[in-house]
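These are the residues of each chain, in order.
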Amino acid sequence: CKIDYSIKFVYIFKYQMLESIKEFLRVIGEIRYIVPLLRYKWPDPDDNASLAHSFEQSVEKYKNKDFIFFEDETWTYSEINNTANILAHKLIEDGISHGDKVILFMENRPSYVSTILALNKIGAIGVLINTSLKGEPLIHCINSSNSKKCIFGAELSGSLEGVLSSINITAKSDIYWVQDLPNGNCPEWATDINKILDLSKTDNLSETNNVTAKDIAFYIFTSGTTGVPKAALFPNVKIVASSTNITRGGYRMNSEDCLYNCLPLYHSTGMMLGLCACIHVGASTFIKRKFSASSFWKEVKKYNTTAFIYVGELCRYLSLQDPVDEEKDNPITKMVGNGLRPDLWDCFRNRFCVERICEIYGASEGNGFFMNLLNKDQTIGMTNNKIELLEYDIGENKLKKDIDGNFIRVKENQPGLALVEIGPNAIFNGYTDKKASDEKIFRNVFNDGDSWFNTGDILKTMDVGFALGRKHYQFVDRVGDTFRWKSENVSTNEVAEILNLFNQVNMANVYGVKIPKSEGRAGMVAFNCELKEFKWSDFSKFVAEKLPKYAQPIFIRIIKELETTGTFKLKKNDLREEAYHLDKIKGDQIYIKKPGNSSYEVLDKSYYDIIMSGEAGF
């Protein structure tokens, strides 16, 4: 018996040693990719480094190479460059110059790509508007940007027409309509851009020589933690540096690759880590208006996409699909993105045979960036930034302090609010709104004069084995009043303000709740009303008209009385905990908008059980 156990011990010891040696050698092999990144020098502010310069360099090298695959269209680098130049010349003729802002409101398609490139060639700023917005949020984004022109897609004519009387761009000559389907007609209040272009002006612009690294390339709106959407600033230097880091350290991509990109280009993930990364190395990309799990693997095979830019929600949808023939021997070998939860990691590693999963982390407006350079499992990787994880009181929604009034660092592998130190190598560009920018900064945290960016997220360190002596981190959750649903940040204050406009809602308390087998949190609202007189049909119509789909509450709780703090802030903690759970709620009625339905109905026990089983299809 002793001999038998000794043999087993030796066998296990040898196996573990062998695996450790293999992991050691694998990580050492990663160094050849990491060293160039550590040596990488960001462009000087006055350098001619921009998205436009990167693109023109790729055009010079790969002009006849396929750049964009979209529906039944294929565009080469040269064709997109010509299209961008034609538009840029027209914009200059119409008064757009370096530093001017121009609204871009369009779904993913080749015209979106050529438009953003045209603006960057001039040195103008593309104001990228979320295509889901309508009503007041859309008005705010347009008016707060102080833009001179608006370029919009025919597919969004209805949304824009609905706010025409409230936006500060009113002249027909300043609103450009871009055709989508061949049979579309330009509305009378807009100008058909195709009819006024000079198709002979395909030469590169001399104005591009004046575009520098410090120039702002575009605004990307983020909900933040409170209030209306805020425009985060994206200078060219951030685009060039991010593209370098993500192609070398993330994808390990080159001109032979093709990227599957179904993320909206108005978001930093789809734009910077997707489109701009491809441009940087001269790769091809398949772009799609919206994600479809049922067609995903067919398109992967059809366009031979070797890389994939993801968010966690997409990965969950794919993992819940029944196996299909196309997923076998698929060409995807690498994927970069954020939000891939630990329970899905092995599915992509094993079921879909993805060799490299590079989870990244960083807010659109943030000054810090994490990357899973070493291809470790279930981690957002490491960072060059100086960060601190501090103890956070979820209930009070604030950082904890010790008896001496000092902030408290968390212990290893324990969750804490992540702060990133602001400095020369970690610049916080912030928002166009200075007050909003200041609210994201903690000052004098450890030393007089220091300043730290508040990520608003809970992270923790984790043990990943041999990792070149660098700490690795894992995302835990978001804090505060913002939750994430359908790849979008939802501001509870903003949603509540809109719901309060409905004449039968006196005070809406909005929060996010977990749904089994769904990423992020679904919207839920609690309010008091006269239930017997409540007009559910009118309310459902109001929600659909006033809120983008991702911000529309899934659950409604009709509550007897809303509790407030001593400073009259609505309490959310108990409501979040009780959520829609029928066994925890006493005396209140819960309503639900089921997937595919347009109206709310009472949540009964049978459907509640379907939700908890994860089979509701959210």
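For the structure, see preceding data.
Residues numbered from 1 in each chain as written. Predicted model: local features only at pLDDT ≥ 70, side-chain atom pairs only at ≥ 80, totals over all residues. Heavy atoms only, no water.

Observations regarding the packing of aromatic side chains
The full count for this structure, using the stated rule, is 37 aromatic pairs. Summarising the aromatic geometry, the rings of phenylalanine 152 and tryptophan 189 are spaced 5.4 Å apart at their centres and angled 15 degrees between planes, so their arrangement reads as stacked. Separated by 37 residues along the polypeptide, phenylalanine 152 in strand β5 (residues 149–153) and tryptophan 189 in the loop between β6 (175–178) and β7 (191–192) bring together distant segments of the chain. Tryptophan 189 carries the same exposure label as phenylalanine 152, and that label is buried. With 6.1 Å between their ring centres and 20 degrees between their planes, phenylalanine 291 and tyrosine 317 make a pair best called stacked. One end of the pair, phenylalanine 291, is in the loop between β11 (284–287) and α9 (293–302); the other, tyrosine 317, is in helix α10 (residues 312–320), and 26 residues separate them in sequence. What makes tyrosine 317 partly exposed here is its relative accessible area of 27%. (Phe/Tyr/Trp six-rings, centres within 6.5 Å; stacked < 30°, edge-to-face > 60°. Helix = DSSP H or I, 4+ residues; strand = E, 2+ residues; numbered from the N terminus. Buried < 20%, exposed > 50% of the residue type's maximum accessible area, 1.4 Å probe, protein only.)

Examining the nonpolar core
By size, the foremost hydrophobic cluster in this structure holds 75 residues, and its most contacted members are Leu160, Phe539, Phe555, Tyr580 and Ile611. Broken down by element, the residue count for this core peaks at five residues, all from strand β26 (residues 522–527). For phenylalanine 539, the residues in contact, after removing those within four places along its chain, are Leu499, Phe502, Val505, Phe527, Phe534, Ile556 and Tyr600. Grouped together as the second largest cluster of nonpolar side chains are 51 residues, Cys262, Tyr310, Val311 and Cys358 included. (Core = buried A, V, L, I, M, F, W, Y, C linked by side-chain atoms within 4.5 Å. Contact = heavy atoms within 4.5 Å.)

Focus on the state of the cysteines
Taken as a whole and assessed by the stated rule, the structure comprises zero disulfides. As a non-bridged cysteine, cysteine 353 has cysteine 347 as the owner of its nearest cysteine sulfur, 10 Å distant. (Disulfide = S-S within 2.5 Å.)

Quick word on the sheet that holds strand β12 (residues 307–311)
If you trace the eight strands from one edge of the open sheet to the other, you get β2-β1-β11-β10-β12-β13-β14-β15, paired in mixed fashion. Among the strands making up the open sheet, the edge pair consists of β2 (73–76) and β15 (370–371). Sheet topology note: the strand β1 (residues 66–70)/β11 ladder contains two bridges and is parallel. The residue of β11 that forms the bridge with phenylalanine 69 is phenylalanine 286. (Pairing = 2+ DSSP bridges.)

Details of the environment of alanine 307
Here alanine 307 lies in strand β12. Sequence spacing of alanine 307 and aspartate 66 is 241 residues, and the spatial spacing of their C-alpha atoms is 16 Å. Not counting the four nearest positions on each side in its chain, alanine 307 is found in contact with Tyr251, Met253, Cys258, Leu259, Tyr260 and Lys334.

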